[in-house]
Structure formats: structure tokens, C-alpha cells
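# Commentary on secondary and tertiary structure
Letter by letter, the chains look like this.
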Amino acid sequence: MPSKTNEPFFHELKSPVEREICTLINTVEPLDVINKCSSYTRMIRIVAWCKRILHYSRHPLHPCNVDKQEPFHALLCIVKNVERTSFMIEIKCLEKCVPTSISNKLLTLSPFVDQEGILSVWREETKKL
């Protein structure tokens, strides 16, 4: 029988705890439909149809009505996607009211993000008013 002074040495050593680490990378990739469609109207119809299916899957008890605004909302979706893939850093800076790099070519256009989330620029006539 071990003595009380040596007792800690006889305890079972525990293996190190393994932890899984999960990271979420927020990236925006261009919609495949942009490069695979043969025409503008077909692309708009496909995106509008996908948005309708997405709405039905999220809200099965509240069907959305097909309306005249559906192509417009599909176009907004496409424009946002293209802008976010091309100007992700600039859009994030504008949304957080943080200045972008002084060498950024967009600065000369006075960019802003409008209420729809679209990257926009001021026209020269608007600046003068």
C-alpha cells in the first residue's frame, strides 16, 4: 500500500482535453445564374423564382403573391450580389462609417449605401444642390 506522501503520483493521468474549433468564414460568391444564363430576362425570372421558393420554405403558412415588383426585387438581389463580390471592403467601411483607403478610386465618386443596401454614388448635379 502506498504511503500518503506518494499518493498523488499514483493517480491516473488524464489525457489532454480535445476541443473542436469551428470557424465561420463570411464570404460572398457570385451567383452561378449570372454566368449561366443566356439572357437578362431569363436571369431575372430564375432569381425571382428562387426567391419565391426561399420565401415558401421559410414561411410555409404565408405564401407570397406573385406581383409586378418581383422582377425588381430579383434585380436588387443580383445587383447586391455583384457589388458585394466586387466591393466587399468598401461596403463594410461605408456601413460602419469608417473611412476607406485614400487611394481607393471610389472615393472620388462620394459612395454611399442606400436604404436598399445598394452601393451608390452621388451625381455631380446632386452635390451642387
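Scroll up a little and you will see the structure.
This structure is a prediction, so every number in the text was calculated from the model and none was measured.

Parameters at a glance
Residues numbered from 1 in each chain as written. Predicted model: local features only at pLDDT ≥ 70, side-chain atom pairs only at ≥ 80, totals over all residues. Heavy atoms only, no water. Helix = DSSP H or I, 4+ residues; strand = E, 2+ residues; numbered from the N terminus. Buried < 20%, exposed > 50% of the residue type's maximum accessible area, 1.4 Å probe, protein only. Contact = heavy atoms within 4.5 Å. Areas by Shrake-Rupley, 256 points an atom, 1.4 Å probe, with all protein chains shown as cover. Expected span 1.5 Å × (residues − 1). Salt bridge = Lys/Arg side-chain N within 4 Å of Asp/Glu carboxyl O. Axes fitted to C-alpha atoms, helices over the stretch in contact; angles between N-to-C directions. Parallel < 35°, antiparallel > 145°, perpendicular 65-115°, else oblique. Nonpolar A, V, L, I, M, F, W, Y, C, P; charged D, E, K, R; others polar.

With that settled, consider the overall build of the protein. In terms of helices and strands, the protein carries five helices and two strands. Start at the N end of the protein and walk to the C end: the helices and strands fall as α-α-α-α-β-β-α. In the protein, buried positions account for 18% of the 129 residues. Relative to all contacts within the protein whose residues are 6 or more apart in sequence, the contacts with residues 24 or more apart total 42%. Only carbon and sulfur atoms are counted for the fraction: they give 59% of the accessible area of the protein, which is about 11,500 Å².

Helix length check: helix 3 (residues 70–86), at 17 residues, gives a terminal C-alpha distance of 25 Å against a target of 24 Å (1.5 Å per residue), a fit within 8%. Buried residues along helix 3 sit in contact with helix 1 (32–36), helix 2 (40–58), helix 4 (88–95) and strand 2 (119–121).

Right, let's get into the pattern of salt bridges. A side chain with one charge can pair with a side chain of the opposite charge if their charged atoms come near. In this structure the tally under the stated criterion is two salt bridges. When the shortest N-O distance is used, the salt bridge between Glu95 and Arg84 registers 3.2 Å. Of this pair, Glu95 sits in helix 4 while Arg84 sits in helix 3, and the two are eleven residues apart along the sequence. Judged by relative accessible area, which is 45%, Glu95 ranks as partly exposed.

Turning our eyes to something else, we now look at unusual backbone geometry. One non-glycine residue, Cys97, lies in the positive phi region at around 60°. Locating Cys97 in the fold gives a position in the loop between helix 4 and strand 1 (111–113). With a phi close to 55°, Ser110 is a non-glycine residue in the positive phi region. Within the secondary structure layout, Ser110 lies in the loop between helix 4 and strand 1.

What follows deals with the packing of helix 2 against helix 3. The N-to-C vectors of helix 2 and helix 3 enclose an angle of 95°; their axes lie 8 Å apart at closest approach. Here helix 3 runs roughly perpendicular to helix 2, going by the angle between their axes. On the side of helix 2, the interface is formed by Tyr40, Met43, Ile44, Val47, Ala48, Lys51 and Arg52, while helix 3 contributes Glu70, Pro71, His73, Ala74, Leu75, Cys77 and Ile78. Taken together, the residues of the contact of helix 2 with helix 3 sort by class into ten nonpolar, one polar and three charged.

Any link to function would need more than the numbers given here.
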